[in-house]
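Inside the fold
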Amino acid sequence: MDLHDLYQEVIVDHNRNPRNFFAMEEANAKAEGFNPLCGDRLTLYLNVEGDTIKSASFKGQGCAISTASASLMTDMLKEKTIQEAKDLFEKFHGMVMGESSDEQGLDKLTVLAGVKAYPSRVKCATLAWHTLQAALNDDNQPVRTE
Ligand code: ZN
């Protein structure tokens, strides 16, 4: 599989130097995600105050797409309300599934739009987001993308 088109500068950068890459001690919500197709694993940590996400971080190991996606996502979530985070997930999901061309508000997340041409990579890109949903829903079952 030629992933060349996917490895844009931003993805490479976020994979090499993932942002918010640490286990957050003060997290009051967290969830684990696993993508068996690729072997991506991550734990997502959130610090939620009222209905606002004050900070987000992650730890784990995965391919460049899953790591960059988690890094970009945790950056985007700061100071977002839970509803805004859910709306962002809907838009992001629509984009990577190729179902929506509404990219307003997605900002840097649009660098991941290329995965829609690689169905097996969609799960890498959405793993962090599915894990986010589990964390927000206080779901203690680990997320599997299958
Ligand atoms: Zn992957």
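Values in this document were obtained by computation on a predicted structure and should not be read as measured data.

To continue, consider the overall build of the protein chain. Counting its regular elements, the protein chain contains four helices and five strands. When the helices and strands of the protein chain are read in sequence order from the N terminus, they spell out α-β-β-β-α-β-α-α-β. Considering only C-alpha atoms, the protein chain reaches an extent of 40 × 30 × 30 Å along its principal axes. Here the protein chain has roughly 7400 Å² of accessible surface; of this, 43% comes from carbon and sulfur atoms. Computed over 15 positive and 22 negative side-chain charges, the inter-centroid distance for the protein chain is 4 Å.

Taken together, the protein ligands of the zinc ion are Cys 38 (SG), Asp 40 (OD), Asp 40 (OD), Cys 63 (SG) and Cys 124 (SG), with distances of 2.2 to 2.6 Å. Site description for the zinc ion: donor spacing in sequence, C-x1-D-x22-C-x60-C. Of the two residues, Cys 38 sits in the loop between strand S1 (29-35) and strand S2 (40-49) while Cys 124 sits in helix H4 (residues 119-136), which places them 86 residues apart along the sequence. Look at Cys 38 and you get partly exposed, because its relative accessible area is 33%.

Parameters and conventions
Residues numbered from 1 in each chain as written. Predicted model: local features only at pLDDT ≥ 70, side-chain atom pairs only at ≥ 80, totals over all residues. Heavy atoms only, no water. Helix = DSSP H or I, 4+ residues; strand = E, 2+ residues; numbered from the N terminus. Areas by Shrake-Rupley, 256 points an atom, 1.4 Å probe, with all protein chains shown as cover. Lys, Arg positive; Asp, Glu negative; His and termini not counted. Charge placed at Lys NZ, Arg CZ, Asp CG, Glu CD. Donors = N, O, S within 2.8 Å, 3.2 Å for Na, K, Ca; no water. Buried < 20%, exposed > 50% of the residue type's maximum accessible area, 1.4 Å probe, protein only.

In short, geometric facts, not functional conclusions.
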